[in-house]
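Here are the chains, one letter per residue:
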Amino acid sequence: MGELKCEGIVLRYADYKDADRMLTLLTPDCGIISVSAKGVRRQNAKLRYAAELFTYGNYMLSNKNGRYALTGCVLKDSFYALRESLEHMCAASAMLEMASYAGIQQPQTELFELLRGCLFTLCELKEQPKAVLLVFIARLLKISGYMPEIEYCVNCGEKAGYFLPGEGGICPECSQTAGAAGLIRLESGTADFIEGCVYSESESFISQAEQGVIDNAYILLIRHMQLCFEHQFKSAEYFIK
Ligand SMILES: [Zn+2]
């Protein structure tokens, strides 16, 4: 029986038996792993906090033939501030759902750091949780290799006026032949905003963005991501207007 010490964030859980819980943890070194947490639902369980959604901690796990069991946890953050607003909670839940879908049982350092960073940002920024979720989505697309070309037409390279989910930017002329189905009109500023989401080192661009641009960027990236991942992210629907 081996022991594994690793950082982890609880992405989801399922209760079983009277007091037990199966955790899905995102870790930097082992990707997504399932961990059985015995007795954590008891009122006075010592490791109760380690088995809550969003908990970020240093986990100690026993490893028996690839089956992990919780033996200890040093709490680093519970992201408590998320619980103070419905919008923040929805954005954070969407991040967990997307991370659990994108992650696999391989090193996931980038995904782990992305999720942790965006959860911290959500807690710090009181405004625009939707834009922080967009930062997460844009960077997730980037590290998954699905970031589309937005500013220019994917057919001819002219300036795009539309976006076709699953493909990328489409210019007005090519939009005539591409057919209208699924085309989303690109607002001016959306391509720049999404570029900011991917590359910006600070969050200051978020407070400068117009709501129309944020809404446009959101619908465009969500539709694109759902096609690329072939999955409907239920928790993301809250922000679709
Ligand atoms: Zn074109």
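Residues numbered from 1 in each chain as written. Predicted model: local features only at pLDDT ≥ 70, side-chain atom pairs only at ≥ 80, totals over all residues. Heavy atoms only, no water.

(A) Quick look at the side chain of Arg-21. Tracing the sequence through the fold places Arg-21 in strand β2 (residues 20–27). In this structure the side chain of Arg-21 is engaged in a polar contact, spanning 3.0 Å, whose partner is the backbone oxygen of Ala-51. Excluding residues that lie within four positions of it along the chain, Arg-21 makes contacts with Tyr-13, Ala-14, Asp-15, Tyr-16, Val-35, Ser-36, Ala-37, Val-40, Arg-41, Ala-51 and Glu-52. (Helix = DSSP H or I, 4+ residues; strand = E, 2+ residues; numbered from the N terminus. Polar contact = N/O pair within 3.5 Å; in protein donor to acceptor, adjacent residues only side chain to side chain. Contact = heavy atoms within 4.5 Å.)

(B) Representation of the coordination of the zinc ion within the structure. Only Cys-153 (SG), Cys-156 (SG), Cys-171 (SG) and Cys-174 (SG) from the protein coordinate the zinc ion, and they sit 2.3 Å from it. Around the zinc ion, the four donor atoms sit at angles spanning 101 to 116 degrees, and that spread fits a shape best called tetrahedral. For the zinc ion, the donor residues sit on a single chain with the sequence spacing C-x2-C-x14-C-x2-C. (Donors = N, O, S within 2.8 Å, 3.2 Å for Na, K, Ca; no water. Tetrahedral: all angles 85-135°; square planar, octahedral: opposite > 155°, others 65-115°.)

(C) Main features of the pattern of salt bridges. Tallying each qualifying case throughout the model produces seven salt bridges. Across the pair Asp-15 and Arg-21 runs a salt bridge, and its minimum N-O distance is 2.7 Å. With relative accessibility at 41%, the residue Asp-15 sits in the partly exposed group. The class for Arg-21 is buried, based on a relative accessible area of 9%. Arg-41 is the salt-bridge partner of Asp-15, the closest N and O atoms lying 3.5 Å from each other. Pair noted here: Asp-15 is in strand β1 (residues 2–16) and Arg-41 is in the loop between β3 (31–37) and β4 (56–64), with a separation of 26 residues, a long-range link. It is possible to trace a salt-bridge network through shared partners that takes in Asp-15, Arg-21, Arg-41 and Glu-52. (Salt bridge = Lys/Arg side-chain N within 4 Å of Asp/Glu carboxyl O. Buried < 20%, exposed > 50% of the residue type's maximum accessible area, 1.4 Å probe, protein only.)

(D) Main features of the environment of Ile-219. Mapped onto the secondary structure, Ile-219 falls in helix α7 (residues 211–229). Using a relative accessible area of 19% as the deciding quantity, one classes Ile-219 as buried. Each C-alpha atom, one on Ile-219 and one on Phe-136, is 14 Å from the other, the two residues being 83 residues apart in sequence.

(E) Structural context of the nonpolar core. Ranked by internal contacts, the top residues of the largest apolar core, which has 59 residues, are Met-98, Leu-115 and Phe-193. Mapped onto this core, the elements with two or more residues apiece are β1, α1 (86–102), α2 (109–124), α3 (129–144), α5 (190–199), α6 (204–208) and α7. If one sorts the elements of this core by residue count, α3 sits on top with ten residues. Lining this core are residues from two domains, each supplying at least three of them: domain 1 (2–77) and domain 2 (86–150 + 186–239). Leaving out residues up to four positions away in the same chain, Phe-193 has contacts with Ala-131, Leu-134, Phe-205, Ala-209, Val-213, Ile-214 and Ala-217. (Core = buried A, V, L, I, M, F, W, Y, C linked by side-chain atoms within 4.5 Å. Domains from an automatic or database assignment.)

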